[in-house]
Amino acid sequence: MALTTQARSRGRTGEPTPPRRAPRLRSGQWAAWAFLAPVGLYLLLFYAYPLYRNVELSLRDYTVRSFVRGDAPFAGFDNYLKVFADPTFGPALWHTVVFTVVSLAFQFTIGLALALFFVQNFPLSATLRALFLVPWLLPLIVSASTWSWLLNSESGVVNAALGALGLGPVNWLTSPDWSLWSVTIANIWIGVPFNLVVLYSGLQAIPAGVYEAAALDGANARQRFWRITFPLLRPVSAITLLLGLVYTLKVFDIIWIMTRGGPSGASTTFATWSYRLGFGNLVPSFGPGAAVGNLLIVAALVFGLVYVRTLHRRVP
Amino acid sequence: MRRVKTAIGLVLTAVMLFPVYWMVNVSFTRDADMRRDPPNWFPVDGTLEGYQAVLDRQLPYLATSLVVGLGTVALTLVVAAPAAYALAKLRPRGGGVLSFLLLIAQMIPGIIMAMGFYAVFLSAGVLNTVPGLIVADSTLAVPFAVLVLTAFMSGLPEELLQAARVDGAGTVRTFRSIVLPLSRNALVTVSLFAFLWAWSDFVFASTLDQGGDHQPITLGIYHYIGNNNQEWNAIMATAVVASIPAALLLVIAQRYVAAGVTAGAVKD
């Protein structure tokens, strides 16, 4: 399948680079724009406009009443200042960083180890590799509720296993010391398949001849990994990590379903904080919620631009 | 040596999929055995109570999810396929900028889109409606769809399109009779992912359809966890049923899935 081979050689489909360029016809321009009209309209209506409303929310002083009537007074950056001064800000920032960095480190390491293992073809390897995709394909609410029960303090199988080893029960979801780790573990589990598949396709793109030459020169397995695989895999690794970063910053479902950011804010990240401000309370505070969301978007966009630049440097 | 590797592979897969096995196991466990210590590793004295509860209570949620999923696929294809054709083969000025915007659009956190949509939908009066949810869910798939389809259509041989042009086919005719049939594989991939993301969506459902008459299955499970966290066999049975599309996807369309992951790699 052409899609597969293309994706393999590039790691990820980004900017289209047609193998042979069609001549740019003047008469074709109108037709082209006609074909692009739906997506253009779509982006304006369903991306640009909601985002604009979101920025507007963050700059006005909304109450439930003025939200419905739409006459909230302009408040400038008050919502942002309120958010910065909020006692939740520091911990939420710290939790977001810890959650993201720990998730990425483990997802990438485990994914790379598995990719190196699966790239040595053996009987059943293709089938098992496909089965590894299951966690990534499951609806997040399914994964999150399954992990909630696995990690249940009294009846969870994890504590039962720990008990069999003579270790005391851990209050995975109800103790402030553990809840952030619990959601991180679940998130690592969900993210490993993605890292595995992308890094596996990256490994496959390394020509076998390089390894044969190295083997002839007497390079051992460790040297082959650090001198060949690792440097040649660097572009694909960079893209995997950057995409992982952008997507981990967005993670909301797992944390909200497993702990609701609790107990007492111990697993609150920017994403869950934003949701709690906007939708989680009886009295919604849309302004500050939108402000937190916009801070998140700025972070995601910064890394997103780094990603796009990396992609372009790879595909000249 | 190869046998040993297969054995190691089997063990690794078993470890990775243990949570999934446990979900199935618990879905068959009787209420009385739910809090046993140590837990039953296999559903001995299994029960179908959990699945009975799914039939009794979750069918409307499942139906809504089906409608939302199919609607999302339709909307995504209608918007994305012509755009991909234009970007890949007609190459208008500014096409590069559009591709760039789509790449960036994938990175916007869903929760932020949800808040914006909430404000927009409230004034438009489509809060808590199925069409509103379809529109919101399609934003998960449209950028991915355009980028994947563009990449695929760029690979279609130029000679074929020129031949059509020589035979007198206009742009629309070429698109309908040549480009679309040839892009079947990519269209299937995109449709499968669009359906799966809409089916799995929780962020938009919980914000934009909280009070709706027709709620998707993700909210069905969520209400379950919130209301009675004692009936875990029913919760897990619902989770098993909600996982069926993902399982089918993997069984029926395995090669498309791997292609989709590497090609787009988008999921919240």
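The written sequence of each chain sets the order in which its residues are numbered from 1. Chains and ligands are labelled sequentially in the order written, the chains with letters from A and the ligands with numbers from 1. Local features in a predicted model are, by the rule used here, given only for residues with pLDDT of at least 70; side-chain atom pairs are given and counted only at 80 or more, and totals for whole chains, interfaces and linings are based on all residues. Side-chain measures were taken over the full set of non-hydrogen atoms in the model, leaving aside hydrogen atoms and water.

## Some remarks on the overall build of chain A
And step 1. Along its length, chain A carries 15 helices and zero strands.
And step 2. Remark: exposure states derive from per-residue accessible area (1.4 Å probe, protein chains only) relative to the maximum for the residue type, with buried under 20%, exposed over 50%, and partly exposed in between. When each of the 316 residues of chain A is scored for burial, the buried share is 56%.
And step 3. Contact criterion: two residues are considered in contact whenever any of their non-hydrogen atoms come within 4.5 Å of each other. Taking contacts inside chain A between residues at least 6 apart in sequence as the whole, the part at least 24 apart equals 67%.
And step 4. Summed over all atoms, the accessible surface of chain A reaches about 14100 Å², with 66% contributed by carbon and sulfur. To qualify as a helix, a DSSP run of H or I must reach at least 4 residues; to qualify as a strand, a run of E must reach at least 2; elements of each kind are numbered from the N terminus. All accessibility values rest on the Shrake-Rupley procedure with a 1.4 Å probe; residue burial counts only the protein chains present in the view.

## Regarding the overall build of chain B
And step 1. The number of helices and strands found in chain B is 13 helices and zero strands.
And step 2. Order of helices (α) and strands (β) in chain B, N terminus to C terminus: α-α-α-α-α-α-α-α-α-α-α-α-α.
And step 3. Projected onto its principal axes, the C-alpha positions of chain B cover 75 × 65 × 30 Å.
And step 4. Across the 268 residues of chain B, 62% fall into the buried class.
And step 5. Accessible area of chain B: about 10400 Å², with a carbon and sulfur share of 65%.
And step 6. Here chain B contributes 16 positively and 15 negatively charged side chains, and the mean placements of these two sets differ by 16 Å. Within this scheme the basic residues Lys and Arg register as positive and the acidic residues Asp and Glu register as negative, but His and the chain ends are omitted. Note that the charge is assigned to NZ on lysines, CZ on arginines, CG on aspartates and CD on glutamates.

## Some thoughts on the UniProt feature "domain: ABC transmembrane type-1" (unreviewed entry) in chain A
And step 1. If you check UniProt for "domain: ABC transmembrane type-1" (unreviewed entry), the listed places come out as residues 93-307 of chain A in our numbering.
And step 2. As annotated, residues 93-307 of chain A has a helix share of 75% and a strand share of 0%, and its two end C-alpha atoms lie 22 Å apart. UniProt positions are given in the numbering used here, feature names are shortened, and annotations may be inferred rather than shown by experiment.

## Quick word on the interface of chain A and chain B
And step 1. Taken together, the contact pairs 106 residues of chain A with 115 residues of chain B.
And step 2. Computed with a 1.4 Å rolling probe, the buried area is the accessible surface lost when two parts are put together, summed over both parts. Both faces combined, the contact of chain A with chain B buries some 10200 Å², and carbon together with sulfur accounts for 75% of it.
And step 3. When a carboxyl oxygen of Asp or Glu lies within 4 Å of a side-chain nitrogen of Lys or Arg, that pair is called a salt bridge. Where chain A meets chain B, there are zero salt bridges.
And step 4. Identification of polar contacts relies on pairs of N or O atoms within 3.5 Å, with a donor-acceptor requirement for protein atoms, meaning one able to donate a hydrogen and the other able to accept it, and with residues adjacent in sequence counted only if both atoms are side-chain atoms. For the interface between chain A and chain B, the tally reads ten residue pairs in polar contact (both at pLDDT 80 or more).
And step 5. If one sorts the elements of the side of chain A that touches chain B by residue count, helix α2 (residues 26-59) of chain A sits on top with 18 residues.
And step 6. Grouping the amino acids of the side of chain A that touches chain B by side-chain chemistry returns 76 nonpolar, 20 polar and ten charged. Ten residues, namely Ala, Val, Leu, Ile, Met, Phe, Trp, Tyr, Cys and Pro, are considered nonpolar, four, namely Asp, Glu, Lys and Arg, are considered charged, and the remaining ones, Gly among them, are considered polar.

## Looking at the UniProt feature "transmembrane region" (unreviewed entry) in chain B
And step 1. Taking the numbering used here, the UniProt-annotated feature "transmembrane region" (unreviewed entry) corresponds to residues 7-24, 61-88, 100-121, 133-156, 177-199 and 232-253 of chain B.
And step 2. Summarising residues 177-199 of chain B: 96% helix, 0% strand, and an end-to-end C-alpha distance of 31 Å.

## Looking at the packing of aromatic side chains
And step 1. The pairing test for Phe, Tyr and Trp rings, Trp by its six-membered ring, is centres within 6.5 Å, and the orientation test on the planes gives stacked under 30 degrees, edge-to-face over 60, and tilted for anything in between. Inspection of every chain in the model, using the stated rule, returns 40 aromatic pairs over all chains.
And step 2. When the ring of A:F35 is compared with that of B:F175, the centres are 5.2 Å apart and the planes differ by 75 degrees; the resulting orientation is edge-to-face. Placement of A:F35 in helix α2 and of B:F175 in helix α8 (residues 171-182) is noted, with the two residues assigned to different chains. B:F175 shares its class with A:F35; the two are buried.
And step 3. Taking the centre distance of 5.0 Å and the plane angle of 75 degrees together, the rings of B:F144 and B:W197 count as edge-to-face. With a gap of 53 residues between them, B:F144 in helix α6 (residues 130-154) and B:W197 in helix α9 (residues 184-200) connect regions that are remote in the sequence. Here B:F144 and B:W197 have matching classes, each one buried.

## Some thoughts on the packing of α9(B) against helix α12 (residues 232-252) of chain B
Residues and elements named next belong to chain B.
And step 1. It is at 10 Å that the axes of α9 and α12 come closest, and there the two elements cross at 160 degrees. With respect to each other, α9 and α12 are oriented roughly antiparallel. Helix-helix and strand crossings are classified by hand; for α9 and α12 the assignment is left-handed. Residue-level contacts link L192, F195, L196 and W199 of α9 to A242, P245, A246 and L249 of α12.
And step 2. Taken together, the residues of the contact of α9 with α12 sort by class into eight nonpolar, no polar and no charged. To obtain each axis, a line is fitted to C-alpha atoms, and for helices this fit is confined to the stretch in contact; angles are then taken between N-to-C directions over 0 to 180 degrees. Here roughly perpendicular refers to angles of 65 to 115 degrees, roughly parallel to angles under 35, roughly antiparallel to angles over 145, and oblique to all remaining angles. Helix crossings get a hand from a simple test, with the near helix turned counterclockwise from the far one by less than a right angle marking a left-handed crossing and a clockwise turn marking a right-handed one.

## Concerning the UniProt feature "transmembrane region" (unreviewed entry) in chain A
Residue and element names in this part refer to chain A.
And step 1. Under the UniProt annotation, the feature "transmembrane region" (unreviewed entry) is placed at residues 30-49, 92-118, 130-150, 178-200, 232-258 and 286-308.
And step 2. As annotated, residues 30-49 comprises 100% helix and 0% strand, and the C-alpha atoms at either end are separated by 26 Å.
And step 3. The span residues 232-258 shows a helical share of 93% and a strand share of 0%, and its end C-alpha atoms are spaced 39 Å apart.

## Overview of the nonpolar core
And step 1. Side-chain atoms within 4.5 Å are what join buried Ala, Val, Leu, Ile, Met, Phe, Trp, Tyr and Cys residues into a set we call a nonpolar core. A:F118, A:M258, B:F117, B:L149 and B:F204 are the most contacted members of the largest nonpolar core, which has 185 residues in total.
And step 2. The greatest single-element share of this core, amounting to 16 residues, is contributed by α6(B).
And step 3. Residues lining this core come from more than one domain, with at least three contributed by each of domain 1 (1-47) and domain 2 (50-263) of chain B.
And step 4. Each residue touching B:L149, except ones within four places of it in the same chain, is listed here: B:A80, B:A81, B:A84, B:A186, B:L187 and B:V190. The start and end points of each domain follow an automatic or database-based domain assignment.

## Observations concerning unusual backbone geometry
Negative phi values dominate among residues other than glycine, just as trans dominates among peptide bonds.
Residue and element names in this part refer to chain B.
And step 1. Its identity is not glycine, yet R91 carries a phi of approximately 45 degrees, on the positive side.
And step 2. On the secondary structure map, R91 appears in the loop between α3 (59-90) and α4 (95-105).
And step 3. Of note, the phi angle at N128 is positive, near 65 degrees, even though the residue is not glycine.
And step 4. Along the chain, N128 falls in the loop between α5 (110-124) and α6.

## Regarding the confidence of the model for chain A
And step 1. Here pLDDT means the predictor's own confidence in every residue, given as a number from 0 to 100. Per-residue confidence for chain A averages 82 on the pLDDT scale, and 88% of its residues sit at or above 70.
And step 2. Between residues 1-19 of chain A, whose pLDDT stays under 50, and residues either more than four places distant or in other chains, the model counts 59 contacts.

## Notes on the side chain of B:S65
All names here are of chain B.
And step 1. The topology assignment puts S65 in helix α3.
And step 2. Owing to a relative accessible area of 1%, S65 belongs among the buried residues under this scheme.
And step 3. A distance of 2.8 Å separates the side chain of S65 from the backbone nitrogen of I217, its partner in a polar contact.
And step 4. Excluding its chain neighbours within four sequence positions, the residues that come into contact with S65 are W199, P216 and I217.

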